[in-house]
Amino acid sequence: MPAPTPPLVLTFAPSDPSGGGGIQADLITCASMGCHTLTVLTGFTVQDSVSLEDAEALGPEWIDDQARSLLEDMPVRAFKVGGLFSAEGVAAVAEILADYSAVPVVLHLGADPLDADDAETEDSAEEVMAATIELLVPQATIVVADSLRLAQVASDGLLEADGEDPAQALMRRGAAWVLATGLHQPGTVVVNTLRGSGDSAEQPTAEYRWPRLPGSFRGAGSTLSAALAALLANGMEVRDAVPEAQEYVWRALAAGFQPGMGRQLPDRFFWARQGNSSATATHCPARSSPAKDET
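Figured I'd write up the structure that's included with this text. Model, not experiment: these values are computed from the prediction. (Residues numbered from 1 in each chain as written. Predicted model: local features only at pLDDT ≥ 70, side-chain atom pairs only at ≥ 80, totals over all residues. Heavy atoms only, no water.)

Our focus in this paragraph is the overall build of the protein chain. The helix and strand tally for the protein chain stands at 8 helices and 11 strands. Going through the 295 residues of the protein chain one by one, you find that 50% of them count as buried. Counting only contacts in the protein chain whose residues sit at least 6 apart along the sequence, the fraction spanning at least 24 positions is 70%. Accessible surface, the protein chain as shown: approximately 13,300 Å² in total, 51% of it carbon and sulfur. (Helix = DSSP H or I, 4+ residues; strand = E, 2+ residues; numbered from the N terminus. Buried < 20%, exposed > 50% of the residue type's maximum accessible area, 1.4 Å probe, protein only. Contact = heavy atoms within 4.5 Å. Areas by Shrake-Rupley, 256 points an atom, 1.4 Å probe, with all protein chains shown as cover.)

What follows covers the nonpolar core. Formed by 42 residues in total, the largest nonpolar core has its most connected members in Leu10, Phe12, Phe79, Val81 and Leu136. One finds Ala220, Leu224, Val238 and Ala241 within the second-largest nonpolar core, a separate group that totals 37 residues. (Core = buried A, V, L, I, M, F, W, Y, C linked by side-chain atoms within 4.5 Å.)

Our focus in this paragraph is the packing of aromatic side chains. One pass over the full model with this rule turns up 5 aromatic pairs. Aromatic pair phenylalanine 79 and tyrosine 100: ring centres 6.5 Å apart, planes at 70°, arrangement edge-to-face. Remark: tyrosine 100 occurs in the loop between helix 3 (87-99) and strand 6 (105-109) and phenylalanine 79 occurs in strand 5 (residues 78-81); sequence separation between them is 21 residues. Overall, the relative accessible area of 0% leaves phenylalanine 79 in the buried class. Here a set of aromatic residues connected by ring pairs shows up, and it is made of Phe12, Phe79 and Tyr100. (Phe/Tyr/Trp six-rings, centres within 6.5 Å; stacked < 30°, edge-to-face > 60°.)

If you trace the backbone, glycine 22 turns up in helix 1 (residues 22-32). Distance in space between the C-alpha atoms of glycine 22 and glycine 82 is 7.2 Å, their sequence separation being 60 residues. Here glycine 22 is in contact with Ala13, Pro14, Asp16 and Ser222, once residues within four sequence places are set aside.

The next point concerns the pairing of strand 7 (residues 142-146). Of all the 5 residues making up strand 7, 5 are buried; the element is thus mostly covered by neighbouring parts of the structure. Neither face of strand 7 is open: one carries Ile142, Val144 and Asp146, the other Val143 and Ala145, and all of them are buried. Both strand 6 and strand 7 contribute to a ladder of 4 bridges, which runs parallel. Across the sheet, the residue bridging to histidine 108 is valine 144, located in strand 7. As defined by bridge partners, strand 7 adjoins strand 8 (residues 177-181) across 5 bridges and the pair is classed as parallel. Note on strand 8: the bridge partner recorded for valine 143 is valine 178. (Pairing = 2+ DSSP bridges.)

Throughout the structure, instances matching the rule amount to 0 disulfides. Cysteine 35 provides the cysteine sulfur closest to cysteine 30, a residue in no disulfide bond, and the two sulfurs are 5.7 Å apart. For cysteine 30, a relative accessible area of 1% puts it in the buried group. (Disulfide = S-S within 2.5 Å.)

Side-chain pairing between opposite charges can occur once the charged atoms of the two side chains come close. Considering all chains together, one arrives at 9 salt bridges under this definition. We note a salt bridge from arginine 273 to aspartate 267, for which the minimum N-O separation is 2.6 Å. On the basis of relative accessible area, aspartate 267 is assigned to the buried category, the value being 7%. A single salt-bridge network, built from bridges that share partners, covers Asp64, Arg68 and Asp99. (Salt bridge = Lys/Arg side-chain N within 4 Å of Asp/Glu carboxyl O.)

Before going further, it helps to examine helix 3. Taking 1.5 Å per residue, 13 residues should reach 18 Å; helix 3 reaches 19 Å between its end C-alpha atoms and fits that length. For helix 3, the complete set of buried residues consists of Gly89, Val90, Ala92, Val93, Ala94, Ile96 and Leu97. Those residues of helix 3 that are buried are in contact with strand 1 (8-13), helix 2 (60-71), strand 5, strand 6 and helix 4 (125-136). (Expected span 1.5 Å × (residues − 1).)

Attention now goes to helix 5 (residues 147-155). Restricting attention to buried positions, one finds in helix 5 the residues Arg149, Leu150 and Val153. One face of helix 5 carries all of its buried residues, which in axial projection span an arc of 100°. Packed against the buried residues of helix 5 are strand 6, helix 4, strand 7, helix 6 (166-172) and strand 8. A positive backbone phi angle near 80° is found at glycine 157, which sits one or two residues after helix 5. (Arc of directions from axis to C-beta.)

Written as structure tokens, this is what we have:
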């Protein structure tokens, strides 16, 4: 008889040939955390550890066909949504998620896609973000975004925040939880803030403080959102999954390596290279524990 099937995570993301982010990062992260990853490619990129040089979107019909072929064959336990390059692609993903509304969704609001030279073939970053906020945020179990990115989206008028905390504005749009990360904020400590739909503007659910690691990294946000999807697929609740996913990412970054001339990449299989082959990704000894303020 075949072995039991591990939890299945379906991810929507572009290809990143460097493995720093994109669909490759999702594959590695979810595998490290005991899941099998089903992949729906949203586009191709030309990039290395230094920079993103070019990108090409896949049409919405390709996104839809890939996803529905998989979903009609295998029972998915969690979705992770990463980079999308067009408003039509966003709409295609939103229709798919609506048909599987019982499955938790991790939405990563990452960096802007590469602006296309041909405006007739690619939507602007603002159009993609506006469509994401309108169509995907209301279906998100948890939104993961850098706090500076959220502030930028609010200042661009895409959230209609009217002076409120951007995370609160996302929850007003329908997101159940928002994890705002502080990786790009100054300071020796990285502060990540979790908010739930019942939080007041003054009091978040929890704050997590992590010692800032030296160097510059690629793929931290992709790794964090994929780790969350893997933990939700394993049956964890959001409140429990958030600190565990952060711990995994901090360890992966602490063990990061620099394969080229650019930024460091997380070692998502750090636990397999620390002399304990029986350790699991989420249960090997922590190098450091976060300070957590929780209500």
